[in-house]
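Coordinate inspection notes
Single-letter residue listing:
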Amino acid sequence: MQAPPEKLTNPEVPLQILLFVDRRPNSREQIQQIRRFLKELSAEYPFELQVIDVSEQPYLAEHFRLVATPALVKIHPEPRQTLTGTNLVAQLKGSWQRWQRSAEDYLSQAIAAEPDRSEESNFDDEPPKASSLVYSTELLQLSDEIFRLKQEREELQAQLQFKDQIISMLAHDLRNPLTAASLAIETLEIGHNAREASRLTTALTTQLLKHARTQIRTIDRMITDILQAARGTSSELHIQPKQLDLGMLCEDVLQDLEERFKAKLQIVETDIPKDLPEVYADEERVRQVLMNILDNAAKYTPSDGTIHVSMLHRTTQKIQVSVCDNGPGVPEENRERIFEDHYRLQRDQAQDGYGIGLSLCQRIVRSHYGQIWVDSVPNQGSCFHFTLPVYRPQR
């Protein structure tokens, strides 16, 4: 908490004024003129002046909604009045008599009300007068502190709620790949222990091993996504870029998701040039991006639908990857928000997932100095695009 302004000389003076200043060199002459004029006025009528540097106490400038400095604010008696601009002295001359009359009226009312006080009142227990600048400043500081603490509490509550949801969804979503991987491994174990005639063929063994590996990778991706989300958006992504064959990596990811596509009889078309330059990127991070986007494409593409994957040497420095589907598309008003943390479309609230996949993709792509975006036509499909830097060997 910042220190309050300097101690007041006379808290009983009813006319109280704040002078807001800044440290700009071109303001010094104007501030000196205002100070000289205020000193002349103090000889005519007592008032309390508090000088506030907005660079040291910006919360006060915000509280009084100041848009320029220097500025004069009469805070007591009410109503509050603010003077600002290049002609402050002239404005003060025009307002001074009204300010003085309001202070005299306040004193008259206070004296008239004095006998109504109970003689048994314990004045030592009374709080400072609301008109005190120190008291007002401390109230503002406490108000700002309470507001900040409320914000922190709301953020913590949201994080705790999100983590509770994550634990619940994780327990649910992990069951399917765990069951599939367990069945594949158990089948391999039974086949290995069976008699010679009942043993699994080499082709079936290879298929079961591949299926188990795919499911384990799915589990690993889910856990990685969850841990990344738990760290929050401010956590640093550890990127270890290297020379990478993006086309080969994409083919590998497509093979891992092959069973997913077959389950819905989806057709996957690819357009990956053989002479595509290599990129400079973190292989596992890019795998996460491809997995998330292709997994979404499989989820939203209808049965018998088509998914198109293409790569383009867009510029001398960038490779563009595009994944298009013929699903329901993304509403135009949501196309920016789908990359936000934990954001999910209304239609997806009942579906499995955490709303963190695309936000994680965006963080990964941006950490490679690339871009990610979506083009979409309602009820016709979506195309997700992202770019990665071309690998340039050091000379």
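Residues numbered from 1 in each chain as written. Predicted model: local features only at pLDDT ≥ 70, side-chain atom pairs only at ≥ 80, totals over all residues. Heavy atoms only, no water.

1. Here's the deal with the overall build of the chain
- The number of helices and strands found in the chain is 10 helices and 11 strands.
- Here the chain, with 395 residues, has 41% of them falling under the buried criterion.
- A total of about 24,100 Å² of accessible surface is found on the chain, and carbon and sulfur atoms cover 51% of it. (Helix = DSSP H or I, 4+ residues; strand = E, 2+ residues; numbered from the N terminus. Buried < 20%, exposed > 50% of the residue type's maximum accessible area, 1.4 Å probe, protein only. Areas by Shrake-Rupley, 256 points an atom, 1.4 Å probe, with all protein chains shown as cover.)

2. Remarks on the packing of helix α1 (residues 28–44) against helix α3 (residues 88–113)
- Two numbers describe how α1 lies on α3: the axes approach to 10 Å, and their chain directions differ by 20 degrees. Classed by the angle they form, the pair α1 and α3 counts as roughly parallel. Where α1 crosses over α3, the handedness of that crossing is right-handed. Listed contacts from α3 to Q30, Q33, I34, F37, L38, L41 and E44 of α1 are L88, V89, L92, K93 and W96. (Axes fitted to C-alpha atoms, helices over the stretch in contact; angles between N-to-C directions. Parallel < 35°, antiparallel > 145°, perpendicular 65-115°, else oblique. Left-handed = near helix turned anticlockwise from the far one by under 90°. Contact = heavy atoms within 4.5 Å.)

3. A short note on the sheet that holds strand β2 (residues 48–53)
- Here we have 4 strands laid out as an open sheet, ordered β2-β1-β3-β4, and mixed in their pairing. Each having just a single partner strand, β2 and β4 (81–84) make up the two edges of the open sheet. Direction aside, neighbouring strands of the sheet carry axes that sit 20 degrees apart on average.
- With 4 bridges joining them, strand β3 (residues 71–76) and β4 adopt antiparallel strand pairing. In the strand pairing of β4, V73 is matched with T82.
- The strands touched by α1 within the sheet are β1 (16–21), β2 and β3, with β1 carrying the most contacts at an inclination of about 165 degrees.
- On the sheet, α3 packs against β1, β3 and β4 and is oriented at approximately 165 degrees with respect to β4. (Pairing = 2+ DSSP bridges.)

4. Side note on unusual backbone geometry
- In the segment running from T69 into P70, the intervening peptide bond is cis, with an omega of 0 degrees.
- Going from E78 to P79, the amide bond is cis rather than trans, its omega being 5 degrees.
- With respect to the helices and strands, P79 occurs in the loop between β3 and β4.
- The phi dihedral of D304 is positive, around 70 degrees, even though this residue is not glycine.
- Summarising the element assignment, D304 is placed in the loop between α9 (283–300) and β8 (306–312).
- Classification of D304 as exposed rests on a relative accessible area of 55%.
- Unusually for a residue other than glycine, N379 sits at a positive phi of about 65 degrees.
- In this structure, N379 sits in the loop between β10 (372–377) and β11 (381–389).

5. What about the state of the cysteines?
- Taken as a whole and judged by the stated rule, the model has 1 disulfide.
- Put simply, C324 and C383 are joined by a disulfide, and their sulfur atoms are 2.0 Å apart. The sign of the 115 degrees torsion about the S-S bond sets the C324-C383 disulfide as right-handed. One end of the pair, C324, is in strand β9 (residues 318–324); the other, C383, is in strand β11, with 59 residues separating them in the sequence. There is no split in this pair, since C324 and C383 are both buried. (Disulfide = S-S within 2.5 Å.)

6. Some words on the packing of helix α7 (residues 246–256) against α9
- Contact geometry of α7 with α9 gives a least axis separation of 10 Å together with a crossing angle of 50 degrees. In terms of their interaxial angle, α7 and α9 are classed as oblique. Crossing handedness for the pair α7 and α9: right-handed. Taken together, the residues of α9 that come into contact with α7 (itself represented by L246, L249, C250, D252, V253, L254 and D256) are E283, V286, R287, L290, M291 and L294.
- Here the contact of α7 with α9 is built from residues that sort into 9 nonpolar, no polar and 4 charged. (Nonpolar A, V, L, I, M, F, W, Y, C, P; charged D, E, K, R; others polar.)

7. A look at the sheet that holds β8
- Spatial strand order, β6-β8-β9-β11-β10: 5 strands in an open sheet with mixed pairing. Since the sheet does not close on itself, it has two edges, and those belong to β6 (267–271) and β10, each with one partner. Within this sheet the neighbouring strands show an average axis-to-axis angle of 15 degrees, counted without direction.
- As paired elements, β6 and β8 share 5 bridges and run parallel to each other. Looking at β8, one finds that I267 is bridged to T306.
- In the packing of α9 onto the sheet, contacts are made with β8, β9, β10 and β11, and the angle to β11 comes to roughly 170 degrees.

8. Observations regarding the packing of aromatic side chains
- Following the criterion strictly, the structure yields 2 aromatic pairs and no others.
- When the centroid spacing of 5.4 Å and the interplanar angle of 75 degrees are considered together, the rings of F47 and W96 count as edge-to-face. Of the two residues, F47 sits in the loop between α1 and β2 while W96 sits in helix α3, which places them 49 residues apart along the sequence. Across this residue pair, the class does not change: F47 and W96 are buried.
- For the pair Y280 and Y391, a centre-to-centre distance of 6.1 Å together with 40 degrees between the ring planes defines the contact as tilted. Pair noted here: Y280 is in strand β7 (residues 279–281) and Y391 is in the segment after β11, with a separation of 111 residues, a long-range link.
- Since its relative accessible area comes to 23%, Y391 is described here as partly exposed. (Phe/Tyr/Trp six-rings, centres within 6.5 Å; stacked < 30°, edge-to-face > 60°.)

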